[in-house]
Amino acid sequence: MIAAPDNKLKLLHVVRRYGPVGGMERYVWEITRELRDLGHRVEVLCEVCLADKPHGIIVHELGAVAPRPRWLALLRFGGRVKGWLEANPRPGWLIHSHERLCSHHITTFHGPPFATIFEKPWWRLVSLRVAMQLYLERRELETARRIVPNSQFIRQQLAHHYSKWAHKLTGPVVPGVVAAQLRPERGVPADGGVIGFVGREWQRKGLVRAVEAVARLRHTRPNLQLWVAGPEAAEVRHLFTGWQGGYRLLGWSDQACYADFDVLLHPARAEPYGMVISEAMAAKVPVVISDVCGAAAQVTPVAGAVLPLAASPEEWASAVEEQLRRGAAPPQFIRSWKAVALEYETIYREYLRKC
């Protein structure tokens, strides 16, 4: 493996869906464009491109397959990638995967390892789906020369469940964030305020816990509101039975209204990273989140609060109340996608020096 003669790298990124259509997909979309802007030669191999193909990046589309069962779709995609590389060899190129492949040099882990299933009751393990997901995950990690987690939380999980490959782990490369409209400097009324919750997967992201906490706070802040962005209103309206106003169900929008929030509440029970957290901090909105969010490592005491997942409703309510009463806005969280690309450039060069 060698770099291009002008010391620019030749990089092939592999992802099933290429475009800003999800957390992982946006991560790939942003870093490939930034790596291109740094002068590297970038190509993308995918099933389908879901946006206008970026100028200067060659995109190879293999065509979509049935998405379910997921393990079979992943297995088929990996086989098609292997076949494409055999038919279109890329000597001197570094292959960076974001999927469950067996034909890569570097892989980025965007979510918790499937092996966390071993922490659940034994009967959850007895299925073809589980066996195949574990096989694909082990194959991916065994093949990779470098494994890049997207948060410190994911890094710890990988090191725990796959200690034999822990030496391949790099430091986490957390996502970038695009600066949103800033929350204007304003005081929060003693009897009110706006708590924001953002997330389509509302059960995993802790909406029930958020509703409980805000309901408690409304005893002393009768004009406090909870704004829920993400799920369709019909999915979650039952959680507000007995409420006399005090909430807004916003549905899904590509742009969450962070500037309208006084606090972002994100008590997720499982969150590999949590882009909504960094997006809120980029808008200078204080956050109250659970300690199982990957983005917890970026939440400093001046940015908000990180609570144990097992914290009581009273503790969640108290933490939110503290943020509502704060005297000054938190500092703006800044992390550019260019900075993310530069971290990858360092990982690529370090790998090339040693291979």
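Residues numbered from 1 in each chain as written. Predicted model: local features only at pLDDT ≥ 70, side-chain atom pairs only at ≥ 80, totals over all residues. Heavy atoms only, no water.

(A) Summary view of the packing of aromatic side chains. Counting across every chain of the model gives 10 aromatic pairs. The interplanar angle of 85° and the centroid separation of 6.0 Å between the aromatic rings of Tyr258 and Phe261 together place this pair among those described as edge-to-face. Note on accessibility: Tyr258 and Phe261 belong to one class, buried. Three or more aromatic residues joined by ring pairs form one cluster here, namely Tyr27, Trp337, Tyr344 and Tyr348. Above the ring of Trp93, the side-chain terminus of Arg90 is found at 5.8 Å from the ring centroid. A cation over a ring is seen here: Arg200 above Trp252, with NZ or CZ 4.1 Å from the ring centre. (Phe/Tyr/Trp six-rings, centres within 6.5 Å; stacked < 30°, edge-to-face > 60°. Buried < 20%, exposed > 50% of the residue type's maximum accessible area, 1.4 Å probe, protein only. Lys NZ or Arg CZ within 6 Å of the ring centre and 35° of its normal.)

(B) Examining the pattern of salt bridges more closely. Under the definition given, this model contains 22 salt bridges. Residues Arg36 and Asp37 are paired through a salt bridge, measuring 2.9 Å at the closest nitrogen-oxygen approach. Under the relative-accessibility criterion, Asp37 is labelled exposed at 52%. Each of Glu201, Arg204, Lys205 and Glu271 takes part in one network of salt bridges that share partners. (Salt bridge = Lys/Arg side-chain N within 4 Å of Asp/Glu carboxyl O.)

(C) Up close: helix H8 (residues 313–324). Taking 1.5 Å of rise per residue, 12 residues should cover 16 Å, and H8 covers 16 Å from first to last C-alpha, within 8% of that figure. Those residues of H8 that sit buried are Trp316, Ala317, Ala319, Val320, Glu321, Gln323 and Leu324. Buried residues along H8 sit against strand S9 (194–198), helix H5 (207–217), strand S12 (263–266), strand S13 (287–290) and strand S14 (304–307). (Helix = DSSP H or I, 4+ residues; strand = E, 2+ residues; numbered from the N terminus. Expected span 1.5 Å × (residues − 1). Contact = heavy atoms within 4.5 Å.)

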